[in-house]
Amino acid sequence: MAGIRFNNVRKTYDNGVTVIEDLNLNIEDKEFIVLVGPSGCGKSTTLRMIAGLESISDGDLFIGDKRVNNVAPKNRNIAMVFQSYALYPHMTVYKNMAFALEMMKTPKKEIDEKVREAAKILALEPYLDRKPKELSGGQRQRVALGRAMVRNPEVFLLDEPLSNLDAKLRTEMRSQIKSLHKRLQTTFVYVTHDQTEAMTMGDRICVMKDGVIQQIDTPQNIYNNPVNVFVAGFIGSPQMNFINAKVEEESGKNYLVFADNRIEYDREEINDYRGKEVIIGIRPENIHDPDSHVETDKSAEFTAKIDIAELMGSEIYLYMKFNNDKLIARVSARTDIKTDDMATLRFDVNKFHIFDKETENIICN
């Protein structure tokens, strides 16, 4: 098995465009790490450099203790699962899974054992004689996983493997891939733009923007302690709300002032921001309706017209405008608040994230 290490890696294309400037990243042996970010952030390029499908312009890439900058993809002992499955349409499931081993001149008995073992793990045994066109999307993706498994790679690379599946299948496949990682005990590097996949699957998440790592941490820590506005807004569904506010001081105490609200917020971290503007971040689940039992100061209440009340089963998403900002509150479906109502809601001040307005970096959580 093997960890992966990027040391000051840069990727510049022939046209002069640099997509990765200075990448330093350590992926531990047997870790499940998710690279997440918007389109064009460099996550797929990073994956393809591990695979050897993209050259490295500068810096060093190690798989285990071996520097692999100039090692051919076939000699890296990695397996890659693509978004498009990339199955051979004229071959059966069995043949698709066995093909790479056949190319490696593996004995037939060993091939058969590995294919059938992978098929058993992935519940593909009834489909071994079928062609890909006779399978569902989820079954095809499991075949692609099985084809990678039989090679016993040191590293699994998965490039948005679930994006072609419907919502129900994506949920099922998330748990299957996570279970597969637990069973195989090898290194998984998973690329997605879907932050829900990142939050539910990764041991750690690496959030990227414009070829630069913004934050690497566990899903819980990234959710609760984002380092900047970008990470705070990208991770979480619905995304974090942002409100422009000013820090004012009175009798030695700090207050956050915005719209009609003047909320005491006596944190030493914002002492240097007295008289300056900041950004308040608050997650939708921390904006409460009158029926909640969360106690907050009266100053944290506000009234807004509900543009849309969207029922999501056990919860309702309330969309509104407030202080020229768009807010989303996530409240219990027991509420009687409806579309077009004027509703009084309240912020849980203890859940505020305060960001520097100029740098957009976190001041305090």
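You'll find the structure just up there.
Residues numbered from 1 in each chain as written. Predicted model: local features only at pLDDT ≥ 70, side-chain atom pairs only at ≥ 80, totals over all residues. Heavy atoms only, no water.

Draft legend 1. The arrangement of the pairing of strand β13 (residues 261–264) in detail. Residues N261 and I263 of β13 are buried on one face, while the alternating residues R262 and E264, pointing to the opposite face, are not. Hairpin remark: strand β12 (residues 253–258) followed by β13, antiparallel, with two residues in the connecting loop; positive phi at A259, about 50 degrees. (Buried < 20%, exposed > 50% of the residue type's maximum accessible area, 1.4 Å probe, protein only. Helix = DSSP H or I, 4+ residues; strand = E, 2+ residues; numbered from the N terminus. Pairing = 2+ DSSP bridges.)

Draft legend 2. Structural view of the packing of aromatic side chains. The full count for this structure, using the stated rule, is 13 aromatic pairs. With a centroid separation of 4.7 Å and an interplanar angle of 25 degrees, the aromatic rings of F156 and F188 are classed as stacked. Placement of F156 in strand β7 (residues 155–159) and of F188 in strand β8 (residues 187–192) is noted, with a sequence separation of 32 residues between them. Overall, F156 belongs to the buried group, its relative accessible area being 1%. (Phe/Tyr/Trp six-rings, centres within 6.5 Å; stacked < 30°, edge-to-face > 60°.)

Draft legend 3. Focus on the sheet that holds strand β20 (residues 353–356). Strand order in the open sheet formed by six strands is β13-β12-β11-β14-β20-β21, with antiparallel pairing between adjacent strands. Since the sheet does not close on itself, it has two edges, and those belong to β13 and β21 (362–364), each with one partner. Averaged over all pairs of adjacent strands, the angle between their axes in this sheet comes to 40 degrees, without regard to strand direction. Direction of pairing for strand β11 (residues 241–250) relative to strand β14 (residues 277–282): antiparallel, over a ladder of six bridges. Paired with N241 across the strands is I282, a residue of β14. (Axes fitted to C-alpha atoms, helices over the stretch in contact; angles between N-to-C directions.)

Draft legend 4. Highlighting helix α4 (residues 137–149). Helix length check: α4, at 13 residues, gives a terminal C-alpha distance of 18 Å against a target of 18 Å (1.5 Å per residue), a fit within 8%. Buried positions along α4 lie against β6 (78–81), α2 (93–103), α3 (108–121), β7 and α5 (167–184). (Expected span 1.5 Å × (residues − 1). Contact = heavy atoms within 4.5 Å.)

Draft legend 5. Structural view of the side chain of T186. With respect to the secondary-structure elements, T186 resides in the loop between α5 and β8. Polar side-chain contacts of T186 include one of 2.7 Å to the backbone oxygen of E154. (Polar contact = N/O pair within 3.5 Å; in protein donor to acceptor, adjacent residues only side chain to side chain.)

Draft legend 6. Focus on unusual backbone geometry. Between S237 and the following residue, P238, the backbone shows a cis peptide bond with an omega angle of -5 degrees. With respect to the helices, strands and loops of the structure, P238 is situated in the loop between α8 (229–234) and β11. Positive phi, normally seen in glycine, also occurs at Q185, with a value near 55 degrees. Locating Q185 in the fold gives a position in the loop between α5 and β8.

Draft legend 7. A look at the pairing of strand β9 (residues 204–209). Bridge count for strand β3 (residues 32–36) against β9 is four bridges, and the pairing is parallel. Residue pairing in the sheet places L35 in a bridge with C206 of β9.

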